[in-house]
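# Observations on chain architecture
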Amino acid sequence: MAEYTEPPIDNATPVKERDEPQDLQGFLDELGNSREFQVNGVDARKGAEAVFCTLARRLSDGEDLKLLWSLGKGGIGTILGTCNIHRGPSHAKRMGRAEFITDVADHLRIPGDQALRVLSVVFTAIRDRIPDDEVAAVASQLPADLADLWRRPV
C-alpha cells in the first residue's frame, strides 16, 4: 500500500518571468547586444529614443508620465523624458500599427520590416521592467494591432 504524505504548502508569491534592472546602461546594453540592433547598425540609445518618442505621441499626457515614473525618472525614463514631445499641450495622436512602424523606420532611416524588429526588442525590454498593471494601462491606449505588439506573450 502507498503511504500518504501531506502535499507541500505553497504560499510562494509568483515572480515575473524576468526581473530586469531599471538602470539605463543595462537597458542600453540589452538593446545594443540584440541581433536586430546589430544587423541594422542601430545605436541602442537612438533606437530607444525613436520608439519612446513615437510611443509618447500615442499616449495621453497622464499615461506617458506614469510610464516615465515606472521606468525611473533618473534611469531608463530619462530617454522618454528628453523627448521634445513632452513639452507643451497634449500630444496624443491616433495612429495604427503601420504608421507607428513607419515613424520609427523614418526616425532610424531603416526599412519598415527592420523597424518592426527593432520596435519589438525595445517593447520587450520596456515590458520586462515595468509592473503588469502599467503594461495593461499602456496597452489600453493603443489600437488592437499595436497593443498586441506591446503586451507580454502569453
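Coordinates for the structure precede this section.
All of these numbers come straight from a predicted model, not from anything done at the bench. (Residues numbered from 1 in each chain as written. Predicted model: local features only at pLDDT ≥ 70, side-chain atom pairs only at ≥ 80, totals over all residues. Heavy atoms only, no water.)

The secondary structure content of the protein chain amounts to eight helices and zero strands. Counting from the amino terminus, helix and strand elements in the protein chain follow one another as α-α-α-α-α-α-α-α. When each of the 154 residues of the protein chain is scored for burial, the buried share is 42%. In the protein chain, the share of contacts with a sequence separation of at least 24, taken over all contacts with a separation of at least 6, comes to 71%. With an accessible surface of roughly 8900 Å², the protein chain has 53% of that area assigned to carbon and sulfur atoms. (Helix = DSSP H or I, 4+ residues; strand = E, 2+ residues; numbered from the N terminus. Buried < 20%, exposed > 50% of the residue type's maximum accessible area, 1.4 Å probe, protein only. Contact = heavy atoms within 4.5 Å. Areas by Shrake-Rupley, 256 points an atom, 1.4 Å probe, with all protein chains shown as cover.)

Looking now at the environment of Pro111. Here Pro111 shows up in the loop between helix H5 (97–108) and helix H6 (112–127). Residue classification places Pro111 among the partly exposed residues on the basis of a relative accessible area of 48%.

A complete count under the given rule lists three aromatic pairs for this structure. Judged by centre distance (6.2 Å) and plane angle (45 degrees), the rings of Phe27 and Phe52 are tilted. Here the residue Phe27 occupies a position in helix H1 (residues 24–32), and Phe52 occupies one in helix H3 (residues 44–58), the gap between them amounting to 25 residues. Of the two residues, Phe27 and Phe52, neither departs from the other in class, the shared state being buried. (Phe/Tyr/Trp six-rings, centres within 6.5 Å; stacked < 30°, edge-to-face > 60°.)

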